[in-house]
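Listed below, chain by chain, are the residues.
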Amino acid sequence: MIEIPDSQSPPSSAAFRSAMRLHIGGISVVTVTATDGECCGITATAFCSLSDAPPTLIVCVNRNARLANMLQAGKPFAVNLPNANQQEIARVFGGMTSIRGRARFGCGSWHRGDNGAPILRHARASFECIASELVTHTTHVIVIGTVTHLRVGARANGALAYVDGRFLAVA
Amino acid sequence: MTKDHPLKGPQPFKLGIFSSNASGGLALTTVPERWRASWDDCLTSAQIADRAGFDFILPIARWRGFGGETRPREWSFETFTWAAGLAAATERIGLFMTVHIPLVHPLYAAKALASVDHISHGRAGLNIVCGWNPDEFAMFGVSLAEDLYARAAEWLEIVERAYGATGPFDYTGQFFNLHGVVSRPASIQVPRPVVMNAAFGATGRDFAARNCDFLFSTFADMVDGRRHVADIRARAEALGRRVGIYTVCHVVCRETQAEAEEYYRHYAVDFADHGAVDYHMSRKKEFAHSHDERTFAEYRQRFAGGAGTYPLIGTPERIAEDLAKISAEGYEGTALSFVNYSYELPFFCDRVLPLLRQAGLRVERTL
């Protein structure tokens, strides 16, 4: 085993990113329908539970993403957890293909949730939320979402994770 | 309880039935068993296709017929109401509605389409026709305007915004000027039900590349088909989109090749409705861009047989091979027409579908 120490302090952005590649992140697709009706979605790994009383989650979104401008306190959004067979959807919404904008919703089956945000069919789970608070920090915004509706799908297909710059099916 | 739209589903090669809402189906023939398109005919054929695992039904929008002896298509069901009826009587199959953009207001269409999307639990689809036959439009007092596709793009944008907007909005465009727009229920599918159009010309293809999920295109032969697929894909990719490419075929499937060819000649040559064929070919050639010149010049039988679409004539094995070739050219699926859907679909389903499964073009349906 070879250890590569990073002597630089503080570490560079690139060094930080390459270290974070070692962390296994669960894949989620965050979606929103803006007040003017426009749909938007992005793939995110920076998603986790915050509290179960009341059910609350957080997701971190780059402020340059169009979706970040569409997220507003008091407005709905959804977090969908694709199953292992939905890797193509994660790639499309992660900007890893040439498909741009709302055309991304052509990939996968999307239905309107109770709050209006797009819900992915056959996802392992979908959390419909109201954004209760947005905290801007450096390049990103932390979105705190109060869960209003919960949909749990079949688990037969396994989960989808991302590590070492690759998708990973977790049975 | 929402359902999957089958066109977003796992079948490697999608199958649909085409034009069963109109008399004659796609054929122009006087044979007595020709398609009458009664409601019970529509219902029976749709239920056979649904149970056999077909992915979609695509109706045509017709307001008058093609004349001739049998006046084919003069009798046709309006497609929103027709699809609503089928939505309540089928389980899984996708249901398109075909709308002439110049004749239907986008907010009327948005509500009707959403209604069918709810009745079918998410199986609705929209087939956009930007403009076609001046004779037919004259019946409405509408003349074929310029900028048909620009108008269609605005029309579709209004439908999408009406579904997604959280409150009333105003819309100011080149063709529409709308105030306080609201439309509920919104569609179940997001951002809207699946949308297709059929186009042969460059402008129509660009419209599909920019706005549609699926494009239906006819071809004269396989090489021709490959060229179409490459062209359409390139147009979509240039816009950062993906468009599924489908075609349309008419089918005579029989136990032997001779039987199939004999019946094809019988209904599409000997008993063709020649008056209707002449009318249809002249209209299509002048006013539509949905067929190429070669198709017009060489395929009169194809017009009588299936309105200029590609013929699948032969044994189950031969037809399965032809479909495999079409799939290999890059088509994601095809809509099919028969002289009589209810009589002929059972044999097709029993004999061709298993061969398509063996060839890997179809998979067993999982629930």
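Everything quoted here is computed from the prediction, not taken from an experiment.

Draft legend 1. Looking closely at the overall build of chain A. Within chain A one finds three helices and 12 strands. By the compact-globule yardstick of 16 Å for 171 residues, chain A fits well, its C-alpha radius of gyration being 16 Å. Projected onto the principal axes, the alpha-carbon positions of chain A cover approximately 50 × 35 × 35 Å. Taking all 171 residues of chain A together, 36% fall into the buried category. Sequence separation of at least 24 residues holds for 62% of the intrachain contacts in chain A that already meet a minimum separation of 6.

Draft legend 2. Structural detail: the interface of chain B and chain A. Facing the 24 residues of chain B at the interface are 22 residues of chain A. Ranked by the residues each element gives to the side of chain B that touches chain A, the list is headed by helix 5 (residues 148-164) of chain B, at four residues. For the side of chain B that touches chain A, the class distribution of residues is seven nonpolar, nine polar and eight charged.

Draft legend 3. Here's a closer look at the sheet that holds strand 6 (residues 76-81) of chain A. All names here are of chain A. Taken together, the seven strands give an open sheet; going across it, the order is 3-2-6-9-10-5-4, and neighbouring strands pair in antiparallel fashion. Looking at the sheet topology across the chains shown, the edges are occupied by strand 3 (39-44) and strand 4 (47-52). Mean inter-strand twist for the sheet, computed between neighbouring axes without regard to direction, equals 30°. As paired elements, strand 9 (residues 125-137) and strand 10 (residues 140-152) share 12 bridges and run antiparallel to each other. Looking at strand 10, one finds that Ala-125 is bridged to Val-152.

Draft legend 4. Fine view of the nonpolar core. Ranked by size, the top nonpolar core spans 109 residues in total, and within it B:Ile57, B:Ala83, B:Val116 and B:Leu215 carry the most contacts. Of all the elements, helix 5 of chain B adds the most residues to this core, at nine residues. The next biggest cluster of nonpolar side chains, apart from the first, holds 37 residues, and it includes A:Val30, A:Ala90, A:Ile119 and A:Val141.

Draft legend 5. Looking closely at the environment of A:Gly25. Relative to the helices and strands, A:Gly25 resides in strand 1 (residues 25-26). The class for A:Gly25 is partly exposed, based on 16 C-beta atoms found within 10 Å.

Draft legend 6. Structural context of the confidence of the model for chain B. Chain-level pLDDT for chain B is 92 on average; 95% of the residues reach the 70-or-more range. Interface predicted TM-score (ipTM) for the complex: 0.86; the corresponding pTM is 0.92.

Draft legend 7. Fine view of the packing of helix 1 (residues 39-52) of chain B against helix 2 (residues 79-89) of chain B. All names here are of chain B. The interhelical angle for the contact between helix 1 and helix 2, taken along N-to-C directions, is 50°, at an axis separation of 10 Å. By the angle class used here, helix 1 and helix 2 are oblique. Taken as a pair, helix 1 and helix 2 cross one another with a handedness that is right-handed. Contacts between helix 1 and helix 2 involve Cys-42, Leu-43, Ala-46 and Gln-47 on the former and, on the latter, Trp-82, Leu-86 and Ala-89. Residue composition of the contact of helix 1 with helix 2, by class: six nonpolar, one polar and no charged.

Reading the values: rules and limits
Residues numbered from 1 in each chain as written. Chains lettered and ligands numbered in written order. Predicted model: local features only at pLDDT ≥ 70, side-chain atom pairs only at ≥ 80, totals over all residues. Helix = DSSP H or I, 4+ residues; strand = E, 2+ residues; numbered from the N terminus. Rg over C-alpha atoms; globule rule 2.2 N^0.38 Å. Buried ≥ 20, exposed ≤ 12 C-beta atoms within 10 Å, placed from the backbone. Contact = placed C-beta atoms within 7 Å. Nonpolar A, V, L, I, M, F, W, Y, C, P; charged D, E, K, R; others polar. Pairing = 2+ DSSP bridges. Axes fitted to C-alpha atoms, helices over the stretch in contact; angles between N-to-C directions. Core = buried A, V, L, I, M, F, W, Y, C linked by C-beta atoms within 7 Å. pLDDT = per-residue confidence, 0-100. Parallel < 35°, antiparallel > 145°, perpendicular 65-115°, else oblique. Left-handed = near helix turned anticlockwise from the far one by under 90°.

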